[in-house]
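Coordinate analysis (summary)
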Amino acid sequence: MHRFDAYSLGATLYMPVLHPRVADILHGRLPPPAASIVLCLEDALAAQDVDDGLRCLDQLMSDLPQRLPVRTFLRPRNREMAYALSARAAGTAIEGLVAPKVVPETLPDWLALTRDAGLAVMPTLESACFFDPGKICALRDILDDHPEDASRLAAIRLGGNDLLSTLALRRERGITSWEGPLGWVLSMASSILIAAGYPVAAPVYDVIDDLDTLRRETLRDVAAGFISKTVIHPAQTPVINRAFQVSREDVAHARAALDSEAQAVFRVGGMMCEPATHRAWARRTVARQEVFGVVDEAARTKAVTAMQMPSSDQCHPITDGFYSPLS
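Below, the structure is looked at part by part. (Residues numbered from 1 in each chain as written. Predicted model: local features only at pLDDT ≥ 70, side-chain atom pairs only at ≥ 80, totals over all residues. Heavy atoms only, no water.)

This part is about the packing of aromatic side chains. As enumerated under the stated definition, the model contains four aromatic pairs in all. On the numbers, 6.1 Å between centres and 75 degrees between planes, the contact of tyrosine 7 with phenylalanine 244 is edge-to-face. Pair noted here: tyrosine 7 is in the segment before β1 (11-16) and phenylalanine 244 is in the loop between α10 (237-243) and α11 (248-258), with a separation of 237 residues, a long-range link. We classify tyrosine 7 as buried; its relative accessible area is 0%. Overall, the relative accessible area of 0% leaves phenylalanine 244 in the buried class. The interplanar angle of 90 degrees and the centroid separation of 6.2 Å between the aromatic rings of tyrosine 7 and phenylalanine 292 together place this pair among those described as edge-to-face. Pair noted here: tyrosine 7 is in the segment before β1 and phenylalanine 292 is in helix α12 (residues 275-292), with a separation of 285 residues, a long-range link. There is no split in this pair, since tyrosine 7 and phenylalanine 292 are both buried. Through successive ring pairs, a cluster of aromatic residues spans Tyr7, Phe244 and Phe292. (Phe/Tyr/Trp six-rings, centres within 6.5 Å; stacked < 30°, edge-to-face > 60°. Helix = DSSP H or I, 4+ residues; strand = E, 2+ residues; numbered from the N terminus. Buried < 20%, exposed > 50% of the residue type's maximum accessible area, 1.4 Å probe, protein only.)

So this is what it looks like as structure tokens:
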């Protein structure tokens, strides 16, 4: 059974735990910059900032509201840190951990440590081994063998920049992830993991001021069945949310396919509808519509065209040019 509830992750914003606005967001003094956030102690922090990051996290946890205005996850640097963070987060409003650099051999350990803490988990696939479809199948098989642990998956995340780093490459302006070597991994994740019913989130597009390519990429992500997308700047959030919206025509087709009195095969809006094969698509479409709403093409085009990006001098120095701050 597919996990369409994961659409509520929406755009997932990675923020350094040291970001000066984290406390205001968690306490509701600032509106959430995305539907879900990840407080990062891994790539978002230089090694010399880790101790400060842990102290900042302890301060945040000491005054954490019982209910947070945004789905919130912690991202440790490694499994050793994860044990400490899971102890801090257990029994709080923190939803779970983002597990970095997971491979099939380490996945059982991540499942066990989050299980013991009662936390959700988002394994991140970002190692060179995942260019091999056998490794993705191996990871899927582990989840299949541990259904109770698999039920705690918030999503499986794809670390696009780390995957490209293994090829000594980086993202390029104007080129979507589907048009480069990442397309191979994205296609495998779609055909292997999503087909097995697991929710998978698409990787970040880190050219912050190229919203047109972000929109094209996200539309392709949506068409492949991905349920969320990583963002590194709040200005990317509305672009992604609009790309996940559903057309009125598709909503009508989905409702027709889900009608308990529908015929085995019928025509709707000039297309064939066969509920036996289209029902899963229909449930996915309705789930997207319930979270993101129905698309208004004119408004979407106008909003993307008019979007103003922050200038580079608005960046917080902690972000080191990659994890951009709220502006």
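That was the structure; now back to the text.
Another aspect to go through is the packing of helix α5 (residues 133-145) against helix α8 (residues 182-194). The N-to-C vectors of α5 and α8 enclose an angle of 35 degrees; their axes lie 10 Å apart at closest approach. Remark: the crossing between α5 and α8 carries right-handed chirality. Counted together, Pro133, Ile136, Cys137, Leu139 and Arg140 of α5 and Trp184, Met188, Ala189, Ile192 and Leu193 of α8 form the full contact between these two elements. Tallied by class, residues from the contact of α5 with α8 come to nine nonpolar, no polar and one charged. (Axes fitted to C-alpha atoms, helices over the stretch in contact; angles between N-to-C directions. Left-handed = near helix turned anticlockwise from the far one by under 90°. Contact = heavy atoms within 4.5 Å. Nonpolar A, V, L, I, M, F, W, Y, C, P; charged D, E, K, R; others polar.)

It is worth stressing that arrangement in space is one thing and function is another; only the former is reported here.
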